[in-house]
Amino acid sequence: MKETWDRECDVLVVGTGAGGMTAALRARDLGLDVLLVEKSDRYGGTSAVSGGGIWIPCNHRIAALGGQDSAQEAIHYIRTVTKGVVDDGRIEAYVEHGRRMVEYLEQNSRVRFEAQPAYADYYPEVSGGKPGFRSMDPLPFDASQLGDEFERMRAPSPGTLMMGRIGMTMKEARVLLCRGPGWFGLSLRILWRYWSDLGGRLRSRRDRFLTLGNALIAALRSSLQDRGVPLWLEAPLQSLIEVDGRVTGAVLQHQGRTLRVKARRGVVIAAGGFERNQAMRSQHHPQPSQAQWSATPPFNSGDGIRAGQQLGAATALMEHSWWAPTTYVQGEEKQRALFVERTLPGCVMVDSAGQRFVNEAAPYTDIVYAMYAHNAKGQGTSVPCWMVFDAEFRRKYPCGALLPGYAQPDSRVPEHLRSYYQKADSIEALAAKIGVDGQGLARTLERFNRNAALGQDPDFHKGESLFDRYYGDPHVQPNPCLAPLLKAPFYAVQVDAGDIGTKGGLLTDVHARVLREDGEPIAGLYAIGNSAASMMGATYPGAGSTIGPAMTFGFLAAEHIHSQEAAAHVAPAREMQHDA
Ligand SMILES: Cc1cc2nc3c(=O)[nH]c(=O)nc-3n(C[C@H](O)[C@H](O)[C@H](O)COP(=O)(O)OP(=O)(O)OC[C@H]3O[C@@H](n4cnc5c(N)ncnc54)[C@H](O)[C@@H]3O)c2cc1C
C-alpha cells in the first residue's frame, strides 16, 4: 500500500513554547525543512506567559559581570539537589550545551539574555550552589518587529504586568515590589513608556514593550519569521505514525481536516505537560489535585506524552510537577502563582488548624510539596491552605491579584476581586470566616510574632537562606522576610496546590530521543520541555530551570536529527491512535 501524505517536511515540531521554537530554529539553520504546529489559536504556550527566565550554569555572561562558575560545581549542585534520580549524562549534557545554546541564539537570532548577578540559586547554601549569575532574563523586545504576528502570540499573565496591563522587566518589578530607591520615578517612566507608544495605543491596550516570557517568545518567533519557518495554529497533534519501529510522521487536525504530515527526519514533541488533564492528574498526582489550580494556559493536556506512550515509550516522574501555590481569580482562565508575596514580612501560611507548616519563603515547588506532606499527616488540612496577613502587609505589598493598599485600598478593589480575600477586625473573626481553628491561629501568631519581632523563625527558618531574602523587603531589618502581624484588619487568601506545568513525561536521553521501556530509543521521536520527564528530578535548582532545559534539549534534538540519515519509508504506515 502506498503511503499518502498531505504535507511533507524534514522535522515536525509539535508545540510552540520556547523549547519547540528553539528546536525549530536550530533545525532550520542546519538546513532542514521545518513545520511548527500549535494546538491553540495562539503561539507561545506557558513559555509566553512565564517570566521567560532560563537557568544556565557557566553562561557566557558570568565572567564579565565578575562572577565565577564551573561545570564541575554546576554538575555537583544539580546531582545533589536532584538526589540521584536523574541520569548523569543528561545533567552533563545540560551544563555543557545550555551555555552553547544561549550563545548560539545570541549570535544568530534576535534572542538576547542578561544574567542576573543577585538572583541566587534556589539552594545557594548547597555545595555547588551560587549566589547569582546562573539565571538569565530575556531582554525586552519591541513587538512592532513581529508585524501582524504580534496578535497571534499568547498574551502575558496579568500578574506579570503593572496594573495588569503594562510590561515591566524583572528588575523593574523588584524595585516596585518594596518601593526601592527611585521607585516613584521608575513608575512614571514605565507609564510614560506605555502611553508614549502612540502607534501601539491607537491599535490596542496591549503593551508593545514586551518583557519576560513574551519577550522571549517574540524574539524566537521573529527569528523564525526571518527564516521563513511556517507555523500552523489550531493544528493539534492527534497521533504519531510509526513504520517498522520508526516514527515517520503524525496525524494532525487543521482547519477542519485531518492531515497526515510526513516528517522525513524526525518529530519533536514539545507539547507541554499534562497539567490541564484532570484524568491524568487523578491517576498520577498526590490527591487532591485539580487541573484548574494550574497557572498555565488551558491547552497542555498531555497529548504528546500519550502519543508517545502509544508507541511504547517509557515515562518517569509522573507524580511530580513544577508545583507552585496558586490563587483563584474570578473570571481568569488560569490561576495566579504566588511566587514572591509569601516571602515578604508580615504574613504566614496556615492549615485548617491554624498552624504553620512551612517556611513561607521557600521555593514555590517546595511549598506545594510541604502542603501535600503536611496534609497527609492529618493534623490539619493544608490542601488548600491560607495565606494570612495584617493591615500593614496589605498597605505595603501586593498579594496575588491585589495591588498594595497604597495603590489600591480596599474601597477601590474591583468587584470581581471582592471574593478573592477575606477580611476581619480580629484574628478570631477572620479564622471563623475561613473555617480555620481560631484558637490555633491565635496561638500560632502569638509565637510567630514574638520571634518575628526579633527577626527569628526557629520553627521554619524563614529568611535565613540567601534565596529567601532575594524577594524580602530590605527596609525591614534584621530579617527582611519577617515582621509580626499586629495591625487590624487581618486578611486571608486561599492558596491551592497549583503548578506552573507538570514534570512527568516521556523518558529521554542526552539527545532528547524518546526511550522505550527497554532503554532503546524510538527512532525519529524526540521529546523536550514538559513533554519529557524533567532532568531536574523532583526539584527546582534555580529560576529558569524549566525553560532552560526545554530550550537546550530542543537545540540538541535538532542537532541530533540533523546528524541522522533521512529514513527511506517503504513499509505501509501504521497509525497509533490515542484518546483525545
Ligand atoms: C506565571 C509563570 C511564570 C513562569 N516563569 C518561568 C520562568 O521564568 N522560567 C522558567 O524556566 N519557567 C517558568 N515557568 C514555567 C514554564 O513557563 C513552563 O514550565 C515551560 O514554559 C513549559 O514549556 P513547554 O515548552 O514544555 O510548554 P509550553 O510553553 O506550554 O508549550 C507547549 C505548547 O504546546 C501546545 N500543545 C499542547 N498540546 C498540543 C498538541 N496536541 N498539538 C500541538 N500543540 C500542542 C500548547 O498549546 C503550547 O503552546 C513559569 C510558568 C508560569 C505559569
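Right above here is the structure, for reference.
All of these numbers come straight from a predicted model, not from anything done at the bench. (Residues numbered from 1 in each chain as written. Predicted model: local features only at pLDDT ≥ 70, side-chain atom pairs only at ≥ 80, totals over all residues. Heavy atoms only, no water.)

A look at the site of the ligand
What counts here: If a single non-hydrogen atom of a residue is within 4 Å of a molecule or strand, that residue counts as near it. Pairs of N or O atoms within 3.5 Å make up the polar contacts considered here, provided that, within protein, one atom can donate a hydrogen while the other can accept it, and that residues adjacent in sequence are counted only when both atoms are side-chain atoms. Surface accessibility in these figures is a Shrake-Rupley result with a 1.4 Å probe; residues are shielded only by whichever protein chains are displayed. Secondary structure elements are defined from DSSP: runs of H or I of at least 4 residues count as helices, runs of E of at least 2 residues count as strands, and each element is numbered from the N terminus. Basically, the charged four are Asp, Glu, Lys and Arg, the nonpolar ten are Ala, Val, Leu, Ile, Met, Phe, Trp, Tyr, Cys and Pro, and anything else, Gly included, counts as polar.
Every one of the 33 residues lining the ligand counts as a neighbour, but Glu38, Ser47, Asp303, Asn530 and Ile547 are closest to it. Contact distances for the ligand include 2.9 Å between a nitrogen atom and a backbone N or O atom of Gly53. Measuring from a nitrogen atom of the ligand, one finds a backbone N or O atom of Leu237 at 2.9 Å. When the ligand sits alone it has 1000 Å² of accessible area, and the protein chains cover 96% of it. Tallying contributions element by element places helix H2 (residues 45-49) first for the shell around the ligand, with 4 residues. Here the shell around the ligand is composed, by residue class, of 12 nonpolar, 18 polar and 3 charged.

Some remarks on the pairing of strand E5 (residues 135-138)
On a regular strand, one side chain projects to one face of the sheet and the next to the other, so that they alternate. To keep things clear, this is the line we draw: The cut-offs for exposure are 20% and 50% of the maximum accessible area for each residue type, with area from a 1.4 Å probe on protein chains only; residues under the lower value are buried, those over the upper are exposed, and the others partly exposed. Between any two strands, at least two bridges found by DSSP are needed for them to pair.
Alternating positions in E5 separate into two faces, Ser135 and Asp137 on one and Met136 and Pro138 on the other, with burial throughout. Where strand E3 (residues 54-55) lies against E5, 2 bridges are found, and the strand directions are antiparallel. Bridging across to E5, Trp55 finds its partner in Ser135. Bridge count for strand E4 (residues 113-115) against E5 is 3 bridges, and the pairing is antiparallel. Residue pairing across strands places Ala115 opposite Met136, the latter belonging to E5.

Section: the sheet that holds E3
Ordered by their spatial adjacency, 3 strands build an open sheet running E3-E5-E4, and the pairing between neighbours is antiparallel. Taken across any chain shown, the strands that pair with only one partner, and hence form the sheet edges, are E3 and E4.

Side note on the environment of Phe448
What counts here: Residue contacts follow a heavy-atom distance rule, with two residues in contact if any of their heavy atoms lie within 4.5 Å.
Mapped onto the fold, Phe448 is located in helix H14 (residues 438-452). Looking at Phe448, the relative accessible area reads 4%, which means it is buried. Put simply, Phe448 and Gly346 are 102 residues apart on the chain and 9.9 Å apart in space, counted from C-alpha to C-alpha. When neighbours within four sequence positions are excluded, Phe448 is seen to be in contact with Cys347, Val348, Arg356, Leu482, Ala483 and Leu485.

Re the packing of aromatic side chains
For clarity, the cut-off: Stacked, tilted and edge-to-face are the three classes assigned to paired rings of Phe, Tyr and Trp, where Trp is represented by its six-membered ring and a pair needs centres within 6.5 Å; plane angles under 30 degrees give stacked, over 60 edge-to-face, the rest tilted.
The full count for this structure, using the stated rule, is 22 aromatic pairs. Their ring planes at 65° and their centres at 5.8 Å tell us that Trp183 and Tyr406 sit as a pair that is edge-to-face. Residue Trp183 is found in helix H6 (residues 183-195), and its partner Tyr406 is found in the loop between helix H12 (391-396) and strand E17 (422-424); the two are separated by 223 residues along the sequence. A relative accessible area of 32% means that Tyr406 is categorised as partly exposed. An angle of 75° between the planes, with centres 4.9 Å apart, marks the rings of Trp322 and Tyr540 as edge-to-face.

What to know about helix H10 (residues 303-310)
Within H10, 6 of the 8 residues are buried, which leaves the element mostly enclosed by the surrounding structure. Where H10 is buried, its residues touch strand E9 (237-243), strand E11 (257-269), helix H9 (278-284), strand E12 (315-316), strand E19 (505-506) and strand E21 (521-527). A positive phi of about 90° marks Gly312, the residue just after H10.

Examining the side chain of Asp10
By the element assignment, Asp10 lies in strand E1 (residues 7-14). Apart from residues no more than four positions distant in its own chain, Asp10 is found in contact with Gly31, Leu32, Asp33, Ala263, Arg264, Arg265 and Gly266.

What to know about the nonpolar core
A general feature of soluble globular proteins is that nonpolar side chains tend to end up buried together. This is how it is decided: To define a nonpolar core, start from buried Ala, Val, Leu, Ile, Met, Phe, Trp, Tyr and Cys residues and group those joined through side-chain atoms within 4.5 Å.
Grouped together as the largest cluster of nonpolar side chains are 116 residues, with contacts concentrated most on Met371, Met387 and Met551. Apart from residues lying up to four places away in sequence, Met387 is in contact with Leu338, Glu341, Arg342, Cys347, Val348, Met349, Phe393, Cys399, Tyr491, Ala492, Val493 and Val495. If you look at the next biggest cluster of nonpolar residues, it comprises 30 residues, including Leu237, Val261, Met318 and Val514.

Structural notes on unusual backbone geometry
Residues Val383 and Pro384 are joined by a peptide bond in cis, for which omega reads 5°. Along the chain, Pro384 falls in the loop between helix H11 (364-377) and strand E16 (385-389). Cis geometry marks the peptide bond from Ala488 to Pro489; its omega dihedral reads -5°. Not every positive phi belongs to a glycine, and His461 is a case in point at roughly 65°.

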